[in-house]
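# Summary of the model geometry
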Amino acid sequence: MSEQKYKLKTGKVEEKVVGAYKKIENGTVNGYKAVENAVVGTYKKIEDKFVDTFLEKKEDEKKEKKENKVVKAYKKIENGTVNGYKAVENAVVGTYKKIEDKFVDTFLEKKEDETKSEE
């Protein structure tokens, strides 16, 4: 077959058909967009309500890890301080007890039972 050198003349009929098609197309697309927006909007409301009702916001993992490191560091400092205080307390109490024992041994003597001395 040879190359076509002619085309169908449509004129005003073509304009009306294409115009009608464009109106249908625009109406369909706009209608679809409206339905889609309504469905997505409704879904978003349901999702937001679900999240608000059943879920808690999880902290950022990086922030959570950093907070855990801070808490662990604080616990180490706290434990070190408490253990250091206990060691000092034990040393002071131990030293006091030794001084007290030495004082008692040096300057005091055991009192005899008074019931024995009256006999």
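Scroll up to find the structure.
Given the structure is predicted, the values throughout are model-derived calculations rather than measurements. (Residues numbered from 1 in each chain as written. Predicted model: local features only at pLDDT ≥ 70, side-chain atom pairs only at ≥ 80, totals over all residues. Heavy atoms only, no water.)

### What about the overall build of the chain?
Let me state the cut-off plainly: Secondary structure elements follow DSSP: runs of H or I of four or more residues count as helices, runs of E of two or more count as strands, with numbering from the N terminus. The buried label goes to any residue with under 20% of its type's maximum accessible area, the exposed label to any with over 50%, and the partly exposed label to all in between, with areas taken from a 1.4 Å probe on protein chains only. Per-residue accessibility takes into account occlusion by the displayed protein chains alone, with areas from the Shrake-Rupley method and a 1.4 Å probe.
When its secondary structure is counted, the chain shows 3 helices and 0 strands. Tracing the chain from N to C terminus, the helices and strands come up as α-α-α. When burial is assessed residue by residue, the chain has 0% of its 119 residues classed as buried. Accessible surface, the chain as shown: approximately 12700 Å² in total, 59% of it carbon and sulfur.

### Focus on the packing of aromatic side chains
The following threshold applies: Whether two aromatic rings pair depends on their centres lying within 6.5 Å, for rings of Phe, Tyr and Trp, where Trp uses its six-membered ring; planes under 30 degrees apart make the pair stacked, over 60 edge-to-face, and the rest tilted.
Taken as a whole, this structure holds 2 aromatic pairs when the rule is applied. Relative to F107, the ring of F103 has its centre 5.2 Å away and its plane inclined at 45°; by these criteria the two rings are tilted. Residue F103 and its partner F107 are both found in helix α2 (residues 61–107); the two are separated by 4 residues, about one turn of the helix. F107 sits in the exposed class, given a relative accessible area of 60%.

### Here we look at the pattern of salt bridges
Opposite charge on two side chains permits them to pair, given that their charged atoms come into close proximity. The line we're drawing: We count a salt bridge whenever a side-chain nitrogen from Lys or Arg sits within 4 Å of a carboxyl oxygen from Asp or Glu.
Applying the stated criterion to the full structure yields 6 salt bridges. E25 serves as the salt-bridge partner of K22, at 3.9 Å between the closest nitrogen and oxygen. Highlighted residues: K22 and E25, both in helix α1 (residues 11–54), separated by 3 residues, approximately one helical turn. Overall, K22 belongs to the partly exposed group, its relative accessible area being 43%. Linking E100 and K97 is a salt bridge whose minimum nitrogen-to-oxygen distance equals 3.6 Å.

### What to know about a negative patch on the surface
This is how the line gets drawn: What makes a patch is a set of residues exposed beyond 30% relative accessible area and free of salt bridges, joined within 9 Å when like-charged and within 5 Å when nonpolar (Val, Leu, Ile, Met, Phe, Trp, Tyr). Neither His nor the chain termini are counted; the positive set is Lys and Arg, and the negative set is Asp and Glu. Charge coordinates come from a single atom per side chain, which is NZ of Lys, CZ of Arg, CG of Asp or CD of Glu.
A cluster of acidic residues, D60, E61, E64 and E67, forms a negative patch at the surface. Secondary-structure assignment places D60 in the loop between α1 and α2. According to the relative accessible area criterion, D60 is partly exposed, its value standing at 48%.

### Quick word on a nonpolar patch on the surface
A cluster of nonpolar side chains, F50, V51, F54 and L55, forms an exposed patch at the surface whose accessible area comes to about 410 Å². Relative to the elements of secondary structure, V51 occurs in helix α1.

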